[in-house]
Each structure stands twice: as structure tokens, then as C-alpha cells.
Amino acid sequence: MVFSLTPVLFLALHLLPGVKSSMVKLNNNGYDGIVIAINPSVPEDEQLIQKIKEMVTEASTYLFQATKRRIYFKNVSILIPMTWKSKSEYLMPKRESYDQADVIVANPYLKYGDDPYTLQYGQCGDKGQYIHFTPNFLLTNNFPIYGSRGRVFVHEWAHLRWGVFDEYNMDQPFYISSKNTIEATRCSTYITGTYKVEKICRGERCTKPCGHDSQTGLYEAKCKFIPEKSQSARESIMFMQSLNSVTEFCTAETHNTEAPNLQNKICNHRSTWDVIKGSDDFQNASPMKGKNPPPPPTFSLLRTKQRVVCLVLDKSGSMSSDDRLFRMNQAAELYLIQIIEMGSLVGMVTFDSTATIQNYLTKITSETAYQSITANLPPVAEGGTSICGGLTAAFQAIIQSSQSTSASEIILLTDGEDDQISSCFEDVKQSEAIIHTIALGPSAAKELEILSDMTGGHRFFANKDINSLIDVFSTISSRSGSITQQAIQLESKALRITGGKWINGTVPVDSTIGNDTFFVVTWTIQKPVILLQDPKGKKYKTLDFKEDKLNIRSARLRIPGSAETGTWAYSLLNKHIKPQTVTVTVTTRARSPTILPITATAHMSRNTANYTAPMIVYARISQGFSPVLGANVTAFIENEDGHQVMLELWDNGAGADTVKNDGIYSRYFIDYHGNGRYSLKVRAQARKKMGRLSLRQRHNQALYVPGYTENGIIILNPPRPEDNDDDLEEAEVEDFNRVTSGGSFVLSEIPPSGDHTQIFPPSKITDLTAKLKEDFIQLSWTAPGNVFDLGKANRYIIRIDKYLLKLQEHFDIATLVNTSSLTPKEAGSTESFEFKPEALKIENGTKVFIAVKTINKANLTSELSNIAQLIKYIPDLGTKVSAINLGILGLAVILFII
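Note that the structure is predicted; figures quoted are calculated from it, not measured.

Criteria and cut-off values
Residues numbered from 1 in each chain as written. Predicted model: local features only at pLDDT ≥ 70, side-chain atom pairs only at ≥ 80, totals over all residues. Heavy atoms only, no water. Axes fitted to C-alpha atoms, helices over the stretch in contact; angles between N-to-C directions. Helix = DSSP H or I, 4+ residues; strand = E, 2+ residues; numbered from the N terminus. Parallel < 35°, antiparallel > 145°, perpendicular 65-115°, else oblique. Left-handed = near helix turned anticlockwise from the far one by under 90°. Contact = heavy atoms within 4.5 Å. Nonpolar A, V, L, I, M, F, W, Y, C, P; charged D, E, K, R; others polar. Pairing = 2+ DSSP bridges. Salt bridge = Lys/Arg side-chain N within 4 Å of Asp/Glu carboxyl O. Buried < 20%, exposed > 50% of the residue type's maximum accessible area, 1.4 Å probe, protein only. pLDDT = per-residue confidence, 0-100. Core = buried A, V, L, I, M, F, W, Y, C linked by side-chain atoms within 4.5 Å. Phe/Tyr/Trp six-rings, centres within 6.5 Å; stacked < 30°, edge-to-face > 60°.

Asker: An account of the packing of helix H10 (residues 324-339) against helix H11 (residues 367-374) is needed here, citing residue identities and associated values.
Answerer: In contact at an axis separation of 10 Å, H10 and H11 are set at 165° when each is read in the N-to-C sense. It follows from the interaxial angle that H10 and H11 lie roughly antiparallel. Note that H10 runs across H11; the crossing there is right-handed. Of the residues in H11, those touching H10 at Glu333, Leu336 and Ile337 are Tyr370, Ile373 and Thr374. A per-class count over the contact of H10 with H11 returns four nonpolar, one polar and one charged.

Asker: Could you give an account of the sheet that holds strand S5 (residues 75-80), naming the residues involved and the relevant values?
Answerer: With mixed pairing, six strands are arranged side by side in an open sheet as S7-S8-S6-S3-S5-S14. A single partner strand is all that each edge strand has here, and the edge strands are strand S7 (117-119) and strand S14 (298-303). With strand direction ignored, the average angle separating the axes of adjacent strands in the sheet is 25°. Here strand S3 (residues 34-38) pairs with S5 via four bridges, running parallel. Each bridged residue has a counterpart across the sheet, and for Ile36 the counterpart in S5 is Ile78. Here helix H5 (residues 149-162) sits on the sheet in contact with S3, strand S6 (103-105), S7 and strand S8 (130-133), set at roughly 150° to S8.

Asker: So what's going on with the packing of helix H2 (residues 46-66) against H5? Residues and values would help.
Answerer: At a minimum axis distance of 8 Å, the contact between H2 and H5 shows a crossing angle of 70°. Taken together, the axes of H2 and H5 are roughly perpendicular relative to one another. For the pair formed by H2 and H5, the contact residues are Lys51, Met55, Val56, Glu58, Ala59, Tyr62 and Leu63 on the first element and Arg149, Gly150, Arg151, Phe153, Val154 and Trp162 on the second. Of the residues belonging to the contact of H2 with H5, the class tally is eight nonpolar, one polar and four charged.

Asker: Break down the pattern of salt bridges for me, with residues and values.
Answerer: Going through the model one piece at a time under the given rule, you end up with 32 salt bridges. Two residues, Asp99 and Arg479, come together in a salt bridge whose shortest N-O distance is 3.8 Å. Within this pair, whereas Asp99 is found in the loop between S5 and S6, its partner Arg479 is found in the loop between helix H15 (468-475) and strand S21 (488-497), the two being separated by 380 residues in sequence. According to the relative accessible area criterion, Asp99 is partly exposed, its value standing at 32%. Three or more residues are tied together by salt bridges with common partners; here these are Lys68, Arg234 and Glu248.

Asker: Describe helix H14 (residues 448-455), and please don't skip the residues or the numbers.
Answerer: H14 sits mainly inside the fold: seven of its eight residues count as buried. Taken together, the buried positions of H14 are Leu448, Glu449, Ile450, Leu451, Ser452, Asp453 and Thr455. Just past H14, the residue Gly456 takes up positive phi, approximately 80°.

Asker: Hey, could you go over the confidence of the model for the protein for me, with residue numbers and the actual values?
Answerer: Residue-level pLDDT values for the protein average 88, and 92% of them are 70 or greater. Between residues 1-19, whose pLDDT stays under 50, and residues either more than four places distant or in other chains, the model counts 39 contacts. Residue range residues 875-897 is modelled with pLDDT below 50. Its contacts to residues more than four positions away, or to other chains, number 71 contacts.

Asker: Now, about the nonpolar core: what can you tell me, with residues and values included?
Answerer: Formed by 76 residues in total, the largest nonpolar core has its most connected members in Phe153, Trp157, Trp162 and Phe249. Looking at which element gives the most residues to this core, the answer is H2, with nine residues. Residues within four places of Phe153 in sequence aside, it is in contact with Met55, Val56, Ala59, Phe73, Val103, Ile131 and Phe133. Among the nonpolar cores identified, the runner-up in size contains 37 residues, and Ala331, Leu334, Ile337 and Met348 belong to it.

Asker: Account for the environment of Gly128, naming residues and giving values.
Answerer: Looking at the secondary structure, you find Gly128 in the loop between S7 and S8. Remark: the alpha-carbon pair of Gly128 and Lys771, spanning 643 residues in sequence, is separated by 35 Å.

Asker: Which residues make up the environment of Ile71, and what values do they have?
Answerer: Take Ile71: it is sitting in the loop between H2 and strand S4 (72-73). Residues Ile71 and Met288, spaced 217 residues apart in sequence, show a C-alpha to C-alpha distance of 8.6 Å. Apart from the residues within four sequence positions on either side, Ile71 is in contact with Leu26, Asn29, Tyr31, Ser60, Leu63, Phe64, Trp162, Asp281, Phe282 and Ala285.

Asker: Would you mind going over the packing of aromatic side chains in detail, with residue names and values included?
Answerer: Evaluation of the coordinates by the stated rule reveals 30 aromatic pairs. Seen in terms of ring centroids, Trp162 and Phe249 are 6.2 Å apart; in terms of plane orientation they differ by 85°. Their pairing is edge-to-face. You can see Trp162 sitting in helix H5 and its partner Phe249 sitting in the loop between helix H6 (237-240) and helix H7 (262-266), a full 87 residues away along the chain. For the pair shown, Trp162 and Phe249 are each scored as buried. Taking 5.5 Å as the distance between ring centres and 90° as the angle between the ring planes, the aromatic pair formed by Trp273 and Phe282 counts as edge-to-face. Here the two residues Trp273 and Phe282 agree in accessibility, since each one is buried.

Structure (C-alpha cells):
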């Protein structure tokens, strides 16, 4: 194959993160390509657009100051939904879409209120998914609570763009400092304030001094840090950007390494400024000369257009191998009938050595419309492969249907090699179309992914997994943000049934979905006997399943009205004497436009990696913006040879998972088997009422300031909505099933028989806790693996000291704890260990720090764990402990995680 791109360009395109395809670029110190998208459910309000402009304009100046004259906002597109009226000043979008936007404006869900936040999946320095502002936040005066909107935007932009984390912690708002004082979790400690509890005085809100928790010695649970309105501290934006004096990020000189916050935990105690300076943006942004401020941002108003999709399907001779043509036609038919949203414009092109427009754009409004397209699916595979021919024909089909190629979507599927793809790269770029590529089989052109990367499309790989193509097509849904209109895949299962045998299964249908529900059965030899029963006992038989006229070996049942909520049971009988593979696929849509469905999305941390680079699998399970907890989430990763790895994903805050119970399930993937493409599929399910909906305040958001102290007078802000809410922090979720494709990724430089234990250490322990029981210290943590969070480690090294810095910077000379009786458990297990500190005598007032390192079988050592702290106080009755003014009786053990 002739490879026409230079290696540098190829590498640049393929080292893009796998999280999402943001269009933002830094150009001469200014950000171009920022997309702020308004959700279709938001009522039309022109004032909202004006408030967005004002926020970004103010934020640009503030960002420029915070980055020491390096960066500002230059060009911003505001994407307006189709639900708003069309206006002459609204332009046509290019590749901008809601699901790829950097900022979304959407109504809150459940208890989150109007707190601005950023959805962050990854590790320190990894870009986030999006910033979420509510319309109420943008339209209401929240200045006393969050500070100005421009400052809030910069706080969230630092989360999104540079992968830094908050420097406060609502779960651990206070800690004991190395000076034996109770401090608010913050950066920097130069920010001053008072500690108060709100109460009611004569019917009015007032405050009183904070008491102490008798178990921890810290301030009581309702205590708040109320900052002084007038400050001299300039840091930090990631703590409290609302203070007028705060204009900078914490630097190495001002960073509070002791604070138990996410920034310290996830970024190994590095300051936010240190992380930001290490980003790609800052490698190419020197401070601007002069004293003039940057020019104000320019704004483009774009209105989402009607969805336009053109299928570009390969029917070359190689598609006759491994039933590829059959599988393609089955998946394309399913997409047209069950997945594509009503009202969309759909066309189809087929190609071999030449391309043919089978259907110009047809509006999908009825069964007749999609039948006119499925009737032209290719019955025979023959000829060569001209991918550029197929793309050119697709552009023609769109243009000749009086539509623009800008923001139109092309689904390109091919299994063949083609050394001429690069010849149409410029045409693809000029078209401004979005191209989703599907590589079918191991020989598909290696340049396919470049088309997706340059256009912001999805990239997929389908191979031996017989359901993989259906999974891929089921994932390519609308990019408009109308989640209640999108198809949701409940089941995708391939079953090997021996001759003359039955096989049974169940599919739960929860109350968030049930409209437009389809059960589809495919087979490889002969149509099986099909029995399906709904939760109320109604039965559907083989004759109720409609067989496709094109003999694509599939049968489909559409459930009339809304599918019954509960467990559906199916039975399949293989009537043939030989074994055959039968697949079951179930798709549906939201039951109600007012109740958001439970959804699952998945992706890899990167699009490409080599042998020395670990990958992380991410899956997000949510209902609206609320995380779903307690699900069983499994990733299926398949390579070009058909080798499949099953990997259970965790939301336990250990290993690859940065935050516990945030609905983001993750795990390291290092089980590499050869070079080439790999596909990702994720199954999420909840059974026996184990699923839960989190209603807690989320992480990575602008701090809700309780009030300020000004001239000695405390002025309180309105309490947070949930502060007055007695509801539970979690709600029960019905049993559910979700299946989704996470796209594809490429591995290179994989040795024939590599042993990952020789290059990858165990994961860092991040949840070490300690408590004192009489003369013994009891430790607990989540076991890392032999390699990251996989397998079983060899041994632990535990050290203890009275000085924090000694453990942080000189771990090897701190006091060693005897761990000869401690054998590591399997990764993800809970480890417990108790010991008596012989070398350190723990008396009244003694403060000790404890940390752990893990050694694997190759003698590779993990990073230092988080540091647990214990303080023992047995105050004499009637005697004050002045260092922290504890008013407690008996024994106090103070624990926090650094």
C-alpha cells in the first residue's frame, strides 16, 4: 500500500485523545473553534445569547490576566437548536454539533440546581468532556454566590482544557495542618475567613461559632468557612474565584500540599499552575508583549440543521468473505428502521471500483420511506475498492438533494485496501461533512481513521464479533442533544445453539424507556423458533416476527405502543441439525419526553498507543446529568485476529478510576495482542435493585460560597437547595440493560510475546485510611494489581513517620512497618492491616503519617499512596487543648486523606 501522508502528520492525527473531538485550537495566543451549544429543551430566549457573550467576553480578559498574558478567547460559535425560530443572522453550522460542544447550556436534572461544573473523566492533565451551565445560572444574578460569570467560566475552563481539579473539598472541608490548627481545605492558606454554623435567631438567619466533632476533633458537620470579603491573596482560581483579589492559579510557592482535595490527590500534590504550564497550550504560547489587553472575542450564531445522513457502503469483491455483505445489510437495515430519527434525511451510495448513488436524500417519515432505501442494499459483492469514489458520490447525493454538505454526516463502511484515499483529503476538508468510518475486517484501509479525525466523526472497527456491526450502527445517533429521540440499545447478544436445542434469556425494560421497541433475531443457517413473553404474560411467536424480504436472515418484531415495564423473556429453538449462531438485538427509545432515559457511553483514553503506553477504558452510566451507581459494567475488547478480552470496569475511586461513585466506570487495559485495530464494546446492567441514582453534589464545579464577612459583619448567601432537602443522597434504580460501542483504537510496536509485568508497575493506592484502636493502628485500602489495577501484587511497603514531608519526599528513610504477615489480595479487593507501632510511641497529642508503596512480581514499585494521618488526643477534663481548641471528652482520632 502506498502511504501518502508524512509520518509526522499521521502521528499528529492519531495521537489525538480518544475522549471527544473538540474543535478548539490555540492560534497566536487566542482560542479558535470554541463551541457553546444550547440544548433543544431550553425555551427560546434571546437574552440567553447575550448573557453568553457577556460571560465569555469578561472571561477572556480574566483568563489573559490569570495566564500571565498568554491566552485569551478569540472566536466562539454559539450553536442554537432547531427548536428555536430561524433568523437571518443565524448561519449554517459546519462541523459544530451539540454532542461535541465544549460548553453546553441545559436545564439541570434533579438536585443539582444551578452549580456550574465540568464533566471530567480522566487523570491529571487530561481534557474534560464539557462544561455545563444552566439557563438559570446565565440569566439570574448569582454574583454573591459564585462571583462573576466570567470568572466562573475561567474556573471551569481550567478543568476542561488543562485537567486540573478543585482545591476545596465538600466531603472533607477541614483538616489538621502541620501546625496543629484546623484549616479549611483551600489553596492558598493566605485566604482568610471565619468558621461559623448557621442557625435561626428570633426567626432570622444568624451564625454561631463552630463546635467540634467528638469523633474526629474537626469542626462539626454544619460548620462553614466564611471568607473575608476583602482579601490580599491573589490565589487561587480553583478554590474561590469569586473573591475580587483572586486573579491567579496556585503556584509551587503558594500551593497548599496538605489540603485533602482532588487536586492534591489526582495530581500528586502538584500546583494547578504547574499542571497548566505543562499542557500543550502553554508549550506554544509565550506571553504577549506590551500592556494592551487582547481584542474582545468574536461570536458566530449557528442554528442546528435538519439531520442529513448518507450511507456509503462497500460492495467490493472482498465483502463476500466471512458473510460481510450479509452482516452489512443486516446492520444497515436495522439502522434505517430502528436507529435513525424520524424526520432525518437519508441517502445511500454503494461502491466498488466505481460508485453509484442508490438513493438521493429521502425524508424518513414512514415505513415506506426507509423501505425505499433498504430495497437498494447491495445483493452481490464484486469489483475493486474506490473509497474516494464513494465519498464523492455521497457529496453529490447531498448537494443534488438541495442540501449542504456542511454538518452532514457520512457513514463510510469498507473492508478493503485503497492506496488512493489521500487524494480526496482536500475535498473532504472542503466539504465540511462529518465522516464516521467503519473498518470491517483486518484488511480495511489503514488511513480510514484519518477521515474521522479530520472531520470530527466517530471511528469504529468490526471483525469477528457477529453483532459488532449492529452495535456500531446502533451507536451512531443524532448529535443534536435530543436524547429522548435517540435510539437506545438494550441487548446485543450472539448465542451459539446446538442442533435441536432451546436457549433462553431475559431483557429488562425499565420505566425510562419503552417507545419504538424492537426485538430482532438473526441467524446463520435457518430461522429458529422464536418465543417472546412480556412481563404481564403476553406471548409473541415466530409468525409475529416479520422476516426481511431481501432474505438478510433476520426477523423483526416491533412492540405496539409502549413496551411493558419489567422483565421480558425469550426462548429460541435451533431447528437445524447443525449448530448455528443466533443473535438477539433489542432497541428502544425514551418512554416520555419529560423523563430522561438511562444511557451508557464508552471510549478509550486515547485513539492510539504503543507497547509502553497504558490505555484506560471509560464508561459513563447516567440518567440525564445524574450518575448511576452500582451497575455491573463490562468492556469487551477485540483485536484484528478475533481475540477478545473481557474487562470488568469499576467506579471505586482506585486504579484508573479517579473519583468514587461518580458514574464513571473505568479500568486500565494492557492486555495487548498484536498490532492493529481494536474495537470496544461495553455492557452495563443492574440487577436485584442494586442500581442507584446519585443525587449528591458533583465534583469539579464552581464553589457555592455560603457568605462573606465584611467589616466584621457576616452576610449570608441563600443556602444551597439540597442543604434544606431531607431527601436521600441516592435513589433506587430499576433493573436495566444497556449496550454501546466505544469505537476503535490502534496499537503499534507490540512485541510478539511481551510481558507487561516487566514495564508497568502497580497502581497508586489513593484511598488509604487509618484509625486507632487502643495501641494498634488499623489500615484499610483498595488493593492495586500486579500491573496497574490488574492481577495480584507481590508485597506492600508501609512506612510511618511524625513528619508529613519526610514521607512525601524521603519515603525510604521513614520508619518501616513489619508487613511479613500481609499478602496482597486480588486487585479491587479491600485490604485490611493492623499493627502496633513499636518504633513510635503514640501518646496524647501525637500526630503520625502513614503511606504505602506496592511492589509487583517484576520488582517494579508503585507511586507513593495518599498519606493517612492520625492524631491522638486524650484531653484532661476541663483542660483546653489550645492548639486546635478541642472541646471533647475521651479519645479523638483525626483522620484525613492527603
